[in-house]
Amino acid sequence: MRKKLHIKKGDTVIVNSGESKGMEGKVLEVLVDKQRAIVEGANMISKHTKPNAENPQGGIVKKEAGIHISNLNVKDASTGKATRVGRRIGDDNKLVRYSKKSGEEIK
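Residues numbered from 1 in each chain as written. Predicted model: local features only at pLDDT ≥ 70, side-chain atom pairs only at ≥ 80, totals over all residues. Heavy atoms only, no water.

**Notes on the nonpolar core**
Within the largest apolar cluster, 13 residues are counted, with the highest numbers of intra-cluster contacts made by Ile7, Val13, Val39, Ile67 and Leu72. Filtering out sequence-adjacent residues up to four positions away, Val13 remains in contact with Ile7, Met23, Glu24, Gly25, Val27, Val39, Leu72, Asn73, Val74 and Lys75. (Core = buried A, V, L, I, M, F, W, Y, C linked by side-chain atoms within 4.5 Å. Buried < 20%, exposed > 50% of the residue type's maximum accessible area, 1.4 Å probe, protein only. Contact = heavy atoms within 4.5 Å.)

Below, the structure written as structure tokens:
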């Protein structure tokens, strides 16, 4: 059985460590098997591309690379700071994620 991750696509996260430390952005994609997430505007790399239909000129393209999920924290909606994520049973008897800092549910 796979372990559940504390980050989902669409979450606003803050980067804890690495080149992009302190940046915040939206999670564009979560790579579950590699335990990495692609965050908008963080961990930018230069990729050399050949000319193709999308990019007829080719050349160097800047794009986001994956960041390990241990280096990411969800941004608390009420305080605006990084928070850890907990799980509890909500009103409709389903597991919901909540902010450990403020206690509010994460949408």
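Next comes the rest of the description.
**Topic: unusual backbone geometry**
You will see that Asn43, though not glycine, has its phi angle at about 55°, which is positive. Inspection of the secondary structure puts Asn43 in the loop between strand 3 (36-39) and strand 4 (44-49). Assessed through its relative accessible area of 24%, Asn43 is described here as partly exposed. Of note, the phi angle at Asn93 is positive, near 55°, even though the residue is not glycine. Mapped onto the secondary structure, Asn93 falls in the loop between strand 9 (85-89) and strand 10 (95-99). For Asn93, a relative accessible area of 66% translates into the label exposed. (Helix = DSSP H or I, 4+ residues; strand = E, 2+ residues; numbered from the N terminus.)

**Side note on the sheet that holds strand 8 (residues 82-83)**
Taken in spatial order, the six strands of this open sheet run 6-3-2-1-7-8, and their pairing is antiparallel. Only two strands of the sheet have a single neighbouring strand rather than two, namely strand 6 (66-68) and strand 8. As defined by bridge partners, strand 3 adjoins strand 6 across three bridges and the pair is classed as antiparallel. Paired with Arg36 across the two strands is His68, which belongs to strand 6. (Pairing = 2+ DSSP bridges.)

**Some thoughts on the pattern of salt bridges**
Tallied over the entire structure, the rule returns two salt bridges. One salt bridge in this structure joins Asp11 and Arg97, with 2.9 Å as the shortest N-O distance. Note that Asp11 is positioned in the segment before strand 1 (12-15) and Arg97 in strand 10, a separation of 86 residues in sequence. Across the pair Lys75 and Glu24 runs a salt bridge whose closest N-O atoms are separated by 2.8 Å. (Salt bridge = Lys/Arg side-chain N within 4 Å of Asp/Glu carboxyl O.)

**A short note on the environment of Ala42**
Within the secondary structure, Ala42 sits in the loop between strand 3 and strand 4. We classify Ala42 as buried; its relative accessible area is 1%. Distance from Ala42 to Thr83, taken between C-alpha atoms, is 19 Å for residues 41 residues apart in sequence. Leaving out residues up to four positions away in the same chain, Ala42 has contacts with Val15, Ser20, Met23, Glu64, Ala65 and Ile67.

**Brief notes about the pairing of strand 2 (residues 24-31)**
One ladder, built from three bridges, connects strand 1 with strand 2; its direction is antiparallel. Pairing of Ile14 across the sheet is with Glu24, part of strand 2. Sheet topology places strand 2 next to strand 3; four bridges connect them, and they run antiparallel. The residue bridging Val27 from the neighbouring strand is Val39, located in strand 3. Counted between consecutive antiparallel strands, the loop separating strand 2 from strand 3 contains four residues, among which Gln35 sits at a positive phi close to 55°.

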